[in-house]
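Structure at a glance
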Amino acid sequence: MLFRSLEQALPCLERAVALEPEHLASQSALGHLCRNLSLPERAIAHHAQALALEPDSLTLALNHAFVLPLVATGAAEQERYRQRCLAALDQLAQRHDWRWCPEHLFTCHPYYLAYSQHNEVTSLMRYAELLASTQTAIPPVQASAEPERRPRLGFLSGFFYEHSHARAFEGLIAGLEHSRLETILIHLATAPSDAVSERLGQACSRVVRLPLRMAEAIDALVALELDVLFFTDLGMHPQLSLLATRRLAPIQLTGWGVPLTSGQPCIDYYISAAAVERADAQSHYSEELVRLSGLPCSYPSRLLSAPALGREHFLLPPNGLLVGCLQPMQKLHPDFDAVLEAIAVAVPEVLFVFVCDAIPTLTERFLERLAGSAPQALERCLMLARQDRQSFMALAGCLDLLLDPPYFGSGVSFFEVAHTGTPLLTLEGHFLRNRLVAGAYRLIGLEDAPVVQSLAEYAALAQALLRDGARRLRLRQELRQRAQAHRPRWKLPKIWHQPRMGIRT
């Protein structure tokens, strides 16, 4: 049966579990569904019942451990579930007879740990060790013995189609010196095909689609005899997390597609950029951190044109101050609520523009939270439907000010909104996931860049910018000019020429 929304599926799965409580697949599926609807206690309960049916399944144990609210009711709740998760990881690591059960539903567990302001490298390394402990070992892949062969570089993803992750890496893949490299675009079996995947494939030497079965996918990757394997978005798909536990190429990389360390001992390098990393950033990564010049993204400029759509197209008021936060609900940490409320109190004429989540329940939970934490901000909220990429850019250009969420800020979307010129106010934090905007401003030389170092400064600068139209106009003009003039060239370092003595196996 097909459902138009997760909410529609909920009563059906609840009925299935009520009829047959010991049906493991139903209990597990209901746990995942409750987690996706940000119903953490119910998710934990159903995952616990699934685990009780097969208590030696690491898959089920990780499902039970990694229940984090996608939209928390408050900062205390978010931290409480995080601590529960970390404690569970410690307990799981003490047991050594776990069994991997590929028939059990497995998702990317650790990704949502990134939506906090903590260094999670130790936890992610522990998670990776647990995964690796249940996977069948394979002989480490050796470097090619062919001295004259071009270095063979594989890009592996489940998102090489019309997706933000494809846009994040298209410029890099297309801009490589293909006459000196053999580049292979590698899709997961279930990845969709469209015009974007076709365009990326045309830029590479060849295209490979991996088999669905894990053992066959491993054999296919080994057969490619890669020199370098780049997991562009490690942590976004469960099969990628499992593949990364193996040595499938002499050198294995990940990078900014997911702004978080993989924790995987078989991933050798994390590709980032000097402009967006602190001096002590190596402590945030299990991999060796590579700081390139420029930004960790080369966004194709031809994709940055937006239609001329005015406020009326989005049914927004033609006058007045419009402040947008156009990021997913999961990025709106409860600490952000106080900032919104301070702006609403200080600037009564402001209206906040948000884009609804693909899961309506998450939008509802965010608004319910604001009712208690930021009631005046809630009264000024305008909730718009989800936008396609070009409409998203046009919407950003209609607004007076954009707000970058603290702790996990803009990624690919920054490149899209910067070309509209609308100033994006950002809090520069400690980690890559909340430093891209500030680093980009420094790189393009934006004067008077709207960058702050604390939540208090964030609210104060937002108020100052909203009261100063001339300053906003100067920022808009300079940002648009500098963003459109900047033509980054992001090149991979020639790491295949480096000694391999230190590569971890």
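What comes next concerns the included structure. (Residues numbered from 1 in each chain as written. Predicted model: local features only at pLDDT ≥ 70, side-chain atom pairs only at ≥ 80, totals over all residues. Heavy atoms only, no water.)

**Re the environment of Thr363**
- As for its position among the elements, Thr363 is in helix H12 (residues 360-373).
- With relative accessibility at 6%, the residue Thr363 sits in the buried group. (Helix = DSSP H or I, 4+ residues; strand = E, 2+ residues; numbered from the N terminus. Buried < 20%, exposed > 50% of the residue type's maximum accessible area, 1.4 Å probe, protein only.)

**Things to note about empty space enclosed by the protein**
- Per the stated rule, a full pass over the model turns up three cavities of 30 Å³ or more.
- When its volume is computed, the largest cavity comes out at roughly 140 Å³.
- Together, Pro110, Tyr111, Leu124, Tyr127, Leu234, Gly235, Ser241, Val258, Leu260, Thr261, Ser262 and Gln264 line the largest cavity.
- Looking at side-chain class alone, the lining of the largest cavity contains seven nonpolar, five polar and no charged residues.
- Taken as a whole, the second largest cavity holds about 80 Å³ of empty space.
- Around the second largest cavity sit Asn119, Glu120, Val121, Leu124, Pro259, Leu260, Thr261, His284, Tyr285, Phe431, Leu432 and Arg433, which together line it.
- Residue composition of the lining of the second largest cavity, grouped by class: seven nonpolar, three polar and two charged. (1 Å grid on protein atoms, 1.4 Å probe; cavity = no way out; pocket = protein on both sides within 12 Å on 5 of 7 lines; lining within 4 Å. Points joined across faces, edges and corners; volume = space filled by probe spheres on them. Nonpolar A, V, L, I, M, F, W, Y, C, P; charged D, E, K, R; others polar.)

**So, the packing of helix H7 (residues 164-175) against helix H8 (residues 195-203)**
- Closest axis-to-axis distance for the H7/H8 pair is 9 Å, and the angle between their directions is 20 degrees. Compared by their axis directions, H7 and H8 come out roughly parallel. For the pair H7 and H8, the sense of crossing is left-handed. Residues Ala166, Glu170, Ile173 and Ala174 of H7 form the contact with H8, whose participating residues are Val196, Arg199, Leu200 and Ala203.
- Taken together, the residues that form the contact of H7 with H8 break down as six nonpolar, no polar and two charged. (Axes fitted to C-alpha atoms, helices over the stretch in contact; angles between N-to-C directions. Parallel < 35°, antiparallel > 145°, perpendicular 65-115°, else oblique. Left-handed = near helix turned anticlockwise from the far one by under 90°. Contact = heavy atoms within 4.5 Å.)

**A closer look at the layout of surface pockets**
- Approximately 1600 Å³ is the volume attributed to the largest pocket.
- Listing elements by their share of the lining of the largest pocket, those giving two or more residues are helix H2 (24-36), H7, helix H14 (389-398) and helix H15 (412-418).
- Looking at the lining of the largest pocket, the element that brings in the most residues is H7, giving four residues.
- The residue makeup of the lining of the largest pocket, split by class, is 22 nonpolar, 14 polar and 10 charged.
- The wall of the second largest pocket is formed by 22 residues, among which Trp100, Pro102, Leu212, Met214 and Leu242 lie closest to the centre.
- Put simply, the parts of the chain that give the lining of the second largest pocket at least two residues each are helix H9 (214-223) and helix H10 (238-243).
- In terms of residue class, the lining of the second largest pocket is built from 12 nonpolar, eight polar and two charged.

Purely spatial values, then, with no claim about function.
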